[in-house]
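Take a look at the letters that make up each chain.
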Amino acid sequence: MIRLSKSSISQAEKNAVMNVLDREYLGMGSEVKQFESDLSNFFGRKAICVVNGTAGLHLALQAIGINKNDEVLVPSITYVASFQAIKAAGGIPIACDVLKETLTLDPKDVEKRITKNTKAIMPVHYSGGVGDLNSIYDLASKYKLRVIEDAAHAFGSVYKNKKVGGFGDIACFSFDGVKNITSGEGGCIVSGDEELIKTIEDLRLLGVEKDTENRFKNKRSWDFEVKNQGWRYHMSNIMAAIGIEQLKRIDSFSSIRQQIAKKYQIALKTISDLTLLSIDYREVVPYIFPLILPPRVNRTQLRSDLEKKGIETGVHYYPNHKLTFFRNENLTLPITEEISNSLLTLPLHTEMSLSDVDYVCSELNKSLKAA
Ligand SMILES: *Cc1c(COP(=O)(O)O)cnc(C)c1O
């Protein structure tokens, strides 16, 4: 079976975890401090670690002051994590349409949906590309909005010669098992806003003031103050130990992912009724390889055909505004609705070979001809 996605764990990650277990300090301590410092060097500004990417989004939203009735503009095509994080912070997710070329936020649709209650925009870097991020930042400065980039797919990607996460307002990454790098579960928040980072450092440890400082000295806070609602969202040393080793492998991971995606682009170009995203894989490190099927194809049938041939596929994503909890019947998002039943994600991970890519493409071609 060619898996849709998977982690790649070497002996180094296993040794690092054993080392933490042997030392018997499993919580948040020196490994987390080290991972944060490595990530901060990677981005060129402060990064702080949390228990998963969703927690990172939640904390970033709380830290910018999202409150009851505050609206956050977000693409409907995203993992439900983006929507749930906005709800968890007390805000209202406002589903927006996407550009067909990249499936990232359509700035024109975003501007149409800005109201006096809008507080922030959450662009989602779908599959690893940021789309028209400059226009999103232009809107944010025109209407005085904060930007929280859901960069869960984009670890390692570059935009206009700058690392994603290394510029802009706030970016949140995920280190879930199948993302570009993993720490088991995990995530980080990156920002140039020092005050915001300080706030989030406390919020991730139940709001206990300066607990991060103590834990990084392998101490605990016994005599402390709490002024805000906080959460149990910190990262453990076991997770950070994995993350530190994975970060050392990022250049190799990135180039393998980029090679696979480039090969897909070339091999699939000749299948005329498929629509590929318009992405430059010299800059983007792809987390997934999605495409748009011709409307005549029954996706469920095609996916089961491919599965019989040993090819696992995925669907990223069912539009959030169609889910019961987030349903909005009055909303029309033309591009989202046009493509959502036709999205298909092909296998992409760092242990796939280029001949696996050839096999996937030729079997996909055969199945499409038969469909
Ligand atoms: C993975 C993901 C998240 C959440 O990250 P977790 O670490 O799984 O909590 C958020 N947004 C998107 C688009 C994701 O793919």
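Our subject is the structure listed above.
The present account deals with the structure reproduced in this document. Quick caveat, the model's predicted, so the values are computed rather than measured. (Residues numbered from 1 in each chain as written. Predicted model: local features only at pLDDT ≥ 70, side-chain atom pairs only at ≥ 80, totals over all residues. Heavy atoms only, no water.)

### Remarks on the sheet that holds strand β12 (residues 343-346)
Short version of the rule: Between any two strands, pairing holds if DSSP finds at least two bridges. Strands are runs of DSSP state E lasting at least two residues, helices are runs of H or I lasting at least four, and both sets are numbered from the N terminus onward. Every residue pair with non-hydrogen atoms within 4.5 Å of one another is taken to be in contact. As a rule, the C-alpha atoms of each element are fitted with a line to give its axis, helices using only the stretch in contact, and angles between N-to-C directions run from 0 to 180 degrees.
A sheet is described by the order of its strands in space; here 3 strands give the open sequence β10-β11-β12, paired in antiparallel fashion. The open sheet has two edge strands with one neighbour each: β10 (275-276) and β12. Note: strand β11 (residues 289-292) against β12, 4 bridges, orientation antiparallel. The partner of Pro-290 across the bridge, within β12, is Thr-345. In the packing of helix α10 (residues 250-269) onto the sheet, the strands contacted are β10, β11 and β12, and the crossing angle to β11 comes to about 25 degrees.

### Observations regarding the side chain of His-321
The criterion, for reference: When a residue's accessible area, from a 1.4 Å probe over protein chains only, is under 20% of the maximum for its type it is buried; when over 50% it is exposed; and in between it is partly exposed. By the criterion applied in these results, polar contacts are pairs of N or O atoms within 3.5 Å in which, for protein atoms, one can donate a hydrogen and the other can accept it, and in which residues neighboring in sequence qualify only through two side-chain atoms.
You can see His-321 is positioned in the loop between α11 (299-308) and α12 (334-339). Given the relative accessible area of 2%, His-321 is considered buried. In this structure the side chain of His-321 is engaged in a polar contact, spanning 3.0 Å, whose partner is the side chain of Glu-337. Those residues in contact with His-321, other than ones at most four positions away along the chain, are Ser-76, Ala-95, Phe-326, Arg-327, Asn-328, Leu-331, Leu-333, Thr-336 and Glu-337.

### A short note on the site of the ligand
Condition: Here a residue counts as near a molecule or strand whenever at least one of its heavy atoms sits within 4 Å of it. Method for areas: the Shrake-Rupley scheme with a 1.4 Å probe, in which residue coverage is limited to the protein chains shown. Gly counts as polar in this scheme, as do all residues outside two lists: the nonpolar Ala, Val, Leu, Ile, Met, Phe, Trp, Tyr, Cys and Pro, and the charged Asp, Glu, Lys and Arg.
The ligand sits among 16 residues. The nearest are Gly-53, Thr-54, Asp-150, Ser-174 and Lys-179. One of the backbone N or O atoms of Gly-53 is found 2.7 Å from an oxygen atom in the ligand. One nitrogen or oxygen atom from the side chain of Asp-150 is found 2.7 Å from a nitrogen atom belonging to the ligand. In isolation the ligand offers 380 Å² of accessible surface; the protein chains occlude 94% of this area. Contributions of two or more residues to the shell around the ligand are made by α3 (53-63) and α4 (80-88). Considered class by class, the residues forming the shell around the ligand number 5 nonpolar, 8 polar and 3 charged.

### A closer look at the packing of helix α1 (residues 11-23) against helix α9 (residues 237-248)
Spelled out, the test is: Convention used here: angles under 35 degrees read as roughly parallel, angles over 145 as roughly antiparallel, angles from 65 to 115 as roughly perpendicular, and any remaining angle as oblique. Crossing chirality is assigned from the near helix's rotation relative to the far helix, an anticlockwise turn below a right angle marking it left-handed and a clockwise turn marking it right-handed.
As a packed pair, α1 and α9 sit with axes 8 Å apart at the nearest point and diverge in direction by 150 degrees. As judged from the angle between their axes, α1 and α9 are roughly antiparallel. Seen from above, α1 lies across α9 with right-handed handedness. Of the residues in α9, those touching α1 at Ala-12, Glu-13, Ala-16, Val-17, Val-20, Leu-21 and Arg-23 are Asn-237, Ile-238, Ala-241, Ile-242, Glu-245 and Gln-246. Considering only residue class, the contact of α1 with α9 consists of 8 nonpolar, 2 polar and 3 charged.

### Here's the deal with the nonpolar core
Soluble globular proteins tend to pack their nonpolar side chains together in the buried interior. Filter applied, for reference: What is meant by a nonpolar core is a set of buried Ala, Val, Leu, Ile, Met, Phe, Trp, Tyr and Cys residues, joined one to another through side-chain atoms within 4.5 Å.
Counting 43 residues, the largest nonpolar core has Phe-35, Leu-39, Phe-43, Ile-121, Phe-155, Phe-173 and Phe-175 as its most contacted members. Secondary-structure elements contributing two or more residues to this core are α2 (30-43), β1 (47-50), α6 (133-143), β8 (170-174), β9 (187-191), α9 and α10. Grouped together as the second largest cluster of nonpolar side chains are 37 residues, Leu-277, Leu-291, Leu-293 and Leu-343 included.

### Things to note about the sheet that holds strand β4 (residues 118-121)
As summarised here, the arrangement of the 7 strands in space is β1-β9-β8-β5-β4-β2-β3, forming an open sheet in which the pairing is mixed. Only two strands of the sheet have a single partner each, and these edge strands are β1 and β3 (92-96). Each strand of the sheet is rotated relative to its neighbour by a mean of 25 degrees, with strand direction disregarded. For strand β2 (residues 71-75) and β3, the ladder comprises 5 bridges, and the chain directions are parallel. Of the residues in β3, the one forming a bridge with Leu-73 is Ile-94.

### Observations concerning the side chain of Gln-246
By secondary structure assignment, the location of Gln-246 is in helix α9. Residue class for Gln-246 comes out buried when judged on its relative accessible area of 2%. Here the side chain of Gln-246 touches Glu-13 through a polar contact of 2.7 Å, side chain to side chain. Not counting the four nearest positions on each side in its chain, Gln-246 is found in contact with Ser-8, Ile-9, Glu-13, Ile-181, Thr-182 and Phe-253.

### A word on the environment of Tyr-159
Examined against the element boundaries, Tyr-159 turns out to sit in strand β6 (residues 158-159). Residue classification places Tyr-159 among the buried residues on the basis of a relative accessible area of 10%. The spacing of Tyr-159 and Leu-57 is 102 residues in sequence and 21 Å in space, taken between C-alpha atoms. Residues contacting Tyr-159, with those up to four places away along its chain left out, are Val-130, Gly-131, Asp-132, Leu-133, Asn-134, Val-164, Phe-167 and Glu-283. Looking at Tyr-159, its side chain comes within polar contact range of the main-chain nitrogen of Asn-134, at 3.1 Å.

### Focus on the packing of aromatic side chains
To describe a pair of aromatic rings, one takes the distance between the centres and the angle between the planes. Stated precisely, the cut-off is as follows: Ring pairs shown here join Phe, Tyr and Trp side chains whose ring centres sit within 6.5 Å, with only the six-membered ring taken for Trp; geometry is labelled stacked below 30 degrees between planes, edge-to-face above 60, and tilted in between. Here, over-ring charges are defined by two tests on the NZ atom of lysine or the CZ atom of arginine: distance to the ring centre within 6 Å, and angle to the ring normal within 35 degrees.
The tally for this structure, following the rule as stated, stands at 15 aromatic pairs. Ring geometry for Phe-155 and Phe-175: centres 5.8 Å apart, planes at 75 degrees, overall edge-to-face. Separated by 20 residues along the polypeptide, Phe-155 in the loop between β5 (146-150) and β6 and Phe-175 in the loop between β8 and β9 bring together distant segments of the chain. The class of Phe-155 is buried, set by a relative accessible area of 1%. The buried category is assigned to Phe-175, whose relative accessible area is 0%. By the ring-pair criterion, three or more aromatic residues cluster together here, those being Phe-35, Phe-42, Phe-43, Phe-155, Phe-173 and Phe-175. Positioned above the aromatic ring of Phe-325 is the side chain of Lys-87, whose terminal nitrogen or guanidinium carbon lies 4.9 Å from the ring centre. In this structure, Lys-163 is placed above the aromatic ring of Phe-42, and the distance from its NZ or CZ to the ring centre is 3.9 Å.

### Some words on the pairing of β4
Our working rule: We call a crossover right-handed when, viewed with both strands directed away from the observer, the connection leading from the first strand over the helix to the second proceeds clockwise.
Bridging between β2 and β4 involves 3 bridges; their strand directions are parallel. When the bridges of β4 are listed, Glu-71 appears paired with Thr-118. By the bridge criterion, 2 bridges tie β4 to β5 in an arrangement that is parallel. Each residue of the ladder has a partner; that of Ile-121, found in β5, is Val-147. A crossover connection joins β4 to the parallel β5 through α6; in handedness this β-α-β unit is right-handed.

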